[in-house]
Amino acid sequence: MTDAHLRSRGDGDGSNRDLTYPPLPEALVVPVYDNHTHMEIADGGDGALDYREHLGRASSVGVRGVVQVGTDLATSQWSASIAAREPRVLAAVALHPNEAPSLQEQGLLDEHLAGIEALAALPRVRAIGETGLDFFRTGEDGRDAQIRSFEEHIRIAKEHGLALTIHDRDAHDAVVEVLDRVGAPERTVFHCFSGGPDLARLCAERGWYMSFAGTVTFKNAALLREALVVAPRHLIMVETDAPFLTPTPYRGRPNAPYLIPLTLRSMAETLGTDASMLAAQIASNTELVYGAWDAEPVTVDE
């Protein structure tokens with residue numbers, strides 16, 4: 001398995017982004033984890049960081065480890081491979097909901113789901129995700145495939161005793177309906193939580209975790225900050241979703257796990273609490289969801 005990036009970030013809008021990485025933030029006193037990142041995606045133009053560089057910078061500012069997340073079979077295989085050789089990485093594997101309609105059209109959905117299930121048996125694969133529903137890009141004709149794929153991912157997570165990482169875009173009600181109907185895994189995480197306080201209350205009632213990304217720092221994200229205030233502290237986590245969703249004041253520039261301190265400190269300010277106290281709570285929550293990063297040794301030499 002190659003260590004190279006599998007793909008590059010595409011802007012798609014013709015904008016001229018600043019491709020320089022932001023400076024290192026002040027290190028956290030109490031370390032935390034990046035609950036959701038995509039180190040296989042190259043960003044930053046000629047200055048793109050590989051996973052070793054990402055992890056080195058993260059370690060220097062108090063980010064103890066990351067969950068590297070797959071979105072199709074190739075990126076899930078890459079994620080599992082990196083987790084097998086790097087003690088600071090655990091893997092999540094899945095087919096992104098936007099992949100499901102095209103795979104079904106090609107007659108490949110079942111084959112790729114079987115590939116995800118095979119990866120789920122690996123010891124440093126600790127979550128199935130990101131899976132869920134995305135009605136932003138997929139129309140009505142693709143919803144059945146998304147729902148079938150989502151249901152199969154839920155089954156895989158439960159049968160393998162793994163956490164479930166939810167991708168939910170413009171589909172709050174439908175995601176909740178599927179989880180309630182099929183039965184959510186014991187540890188279910190809404191990645192890049194995008195709902196308001198009502199969804200936060202619903203998640204709290206069901207014991208579902210809410211992971212906040214750099215979006216919570218954005219000026220226009222008042223409802224998201226209200227959701228953060230409503231969310232019980234024992235159910236919140238923090239993530240980058242790098243290379244996307246870079247926190248303020250560097251919005252639009254490449255994101256990376258080392259920028260977690262910016263989001264965490266913004267969350268602490270919103271909650272009116274000490275950043276170290278919040279970091280300790282979030283680190284504990286993250287380990288409850290995924291287990292310890294050193295529970296199984298790495299098995300592949302660099």
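Residues numbered from 1 in each chain as written. Predicted model: local features only at pLDDT ≥ 70, side-chain atom pairs only at ≥ 80, totals over all residues. Heavy atoms only, no water.

Enquirer: Would you take a moment to explain the overall build of the chain for this structure?
Expert: Scanning the chain from N- to C-terminus turns up 10 helices and 10 strands. Compactness check: the chain gives a C-alpha radius of gyration of 18 Å against a globular reference of 19 Å for 302 residues, within 12% of the reference. Each principal axis of the C-alpha atoms in the chain carries an extent, and together these give about 50 × 45 × 45 Å. Buried residues in the chain amount to 54% of all 302 residues. Long-range contacts, defined here as pairs at least 24 residues apart, represent 76% of the contacts in the chain between residues at least 6 apart. Working note: accessible area of the chain is about 12300 Å², and carbon and sulfur atoms make up 50% of it. Counting 26 positive and 44 negative side-chain charges, the chain places the centres of these two groups 4 Å from one another. (Helix = DSSP H or I, 4+ residues; strand = E, 2+ residues; numbered from the N terminus. Rg over C-alpha atoms; globule rule 2.2 N^0.38 Å. Buried < 20%, exposed > 50% of the residue type's maximum accessible area, 1.4 Å probe, protein only. Contact = heavy atoms within 4.5 Å. Areas by Shrake-Rupley, 256 points an atom, 1.4 Å probe, with all protein chains shown as cover. Lys, Arg positive; Asp, Glu negative; His and termini not counted. Charge placed at Lys NZ, Arg CZ, Asp CG, Glu CD.)

Enquirer: Would you mind showing me how to read the pairing of strand β6 (residues 125–134) here?
Expert: The side chains of a regular strand alternate, first on one face of the sheet and then on the other. Within β6, 10 of the 10 residues are buried, which leaves the element mostly enclosed by the surrounding structure. Examined bridge by bridge, strand β5 (residues 89–93) and β6 share three bridges and lie parallel to one another. If you follow Val 93 over to β6, its bridge partner there is Ile 128. Here β6 pairs with strand β7 (residues 163–169) via six bridges, running parallel. Residue Asp 134 lies in a different strand from β7, and its bridge partner there is Arg 169. Handedness of the crossover joining β6 and β7 through helix α5 (residues 143–160): right-handed. (Pairing = 2+ DSSP bridges. Right-handed = clockwise from strand over helix to strand, strands pointing away.)

Enquirer: Could you clarify how one ought to interpret the environment of Glu 186 in this entry?
Expert: Within the secondary structure, Glu 186 is located in the loop between α6 (172–182) and β8 (188–190). Distance in space between the C-alpha atoms of Glu 186 and Val 289 is 9.1 Å, their sequence separation being 103 residues.

Enquirer: I would appreciate a short explanation of the pattern of salt bridges in the present structure.
Expert: Opposite charge on two side chains allows them to pair when their charged atoms are near. On inspection of all chains with the given rule, the structure shows 17 salt bridges. In this structure, Arg 9 engages Asp 43 in a salt bridge whose closest nitrogen and oxygen atoms are separated by 3.3 Å. In this pair, Arg 9 is assigned in the loop between β1 (7–8) and β2 (32–37) and Asp 43 in the loop between β3 (41–42) and α1 (51–60), connecting sequence segments 34 residues apart. Among the residues examined, Arg 9 registers a relative accessible area of 23% and is labelled partly exposed. On the accessibility criterion, Asp 43 (5% relative accessible area) is buried. In this structure, Glu 159 and Arg 155 form a salt bridge, with 2.9 Å as the shortest nitrogen-oxygen distance. Placement of the pair is Glu 159 and Arg 155 together in helix α5, with a separation of four residues, close to one helical turn. (Salt bridge = Lys/Arg side-chain N within 4 Å of Asp/Glu carboxyl O.)

Enquirer: Looking at this model, I keep getting lost on the packing of aromatic side chains. Mind explaining?
Expert: For any two aromatic rings, the description comes down to two numbers: the centre-to-centre distance and the angle of the planes. By the definition in use, this model includes five aromatic pairs. Centroid distance Phe 193 to Phe 212: 5.5 Å. Interplanar angle 50°. Geometry classified as tilted. Linking Phe 193 in the loop between β8 and α7 (197–206) with Phe 212 in strand β9 (residues 209–212), this pair joins segments that are 19 residues apart in sequence. Both residues of the pair, Phe 193 and Phe 212, count as buried. Three or more aromatic residues link up through ring pairs in this structure, and these residues are Tyr 33, Tyr 290 and Trp 293. A cation sits over an aromatic face here: Arg 57 above Tyr 21, 5.7 Å from the ring centre. Between Arg 143 and the ring centre of Phe 135, over which it is positioned, the NZ or CZ distance is 3.8 Å. (Phe/Tyr/Trp six-rings, centres within 6.5 Å; stacked < 30°, edge-to-face > 60°. Lys NZ or Arg CZ within 6 Å of the ring centre and 35° of its normal.)

Enquirer: What am I meant to see in the environment of Ser 149 here?
Expert: Take Ser 149: it is sitting in helix α5. A relative accessible area of 1% places Ser 149 in the buried class. Along the sequence, Ser 149 and Val 32 sit 117 residues apart, while their C-alpha atoms lie 32 Å from each other.

Enquirer: Can you walk me through the packing of α5 against α6 in this structure?
Expert: To describe two helices that pack against each other, one gives the angle between their axes and the distance between the axes. At a minimum axis distance of 11 Å, the contact between α5 and α6 shows a crossing angle of 45°. Put simply, α5 runs oblique to α6. As for the relative orientation of α5 and α6, their crossing is right-handed in sense. Contacts between α5 and α6 involve Ile 147, Phe 150, Glu 151, Ile 154 and Lys 158 from the former and Val 175, Val 178, Leu 179, Arg 181 and Val 182 from the latter. (Axes fitted to C-alpha atoms, helices over the stretch in contact; angles between N-to-C directions. Parallel < 35°, antiparallel > 145°, perpendicular 65-115°, else oblique. Left-handed = near helix turned anticlockwise from the far one by under 90°.)

Enquirer: Would you mind showing me how to read unusual backbone geometry here?
Expert: In the segment running from Gly 129 into Glu 130, the intervening peptide bond is cis, with an omega of 15°. With omega at 10°, the peptide bond leading from Ala 242 into Pro 243 counts as cis. Examined against the element boundaries, Pro 243 turns out to sit in the loop between β10 (236–238) and α9 (260–271). With a phi angle near 60°, Leu 245 is a residue other than glycine that sits in the positive phi range.

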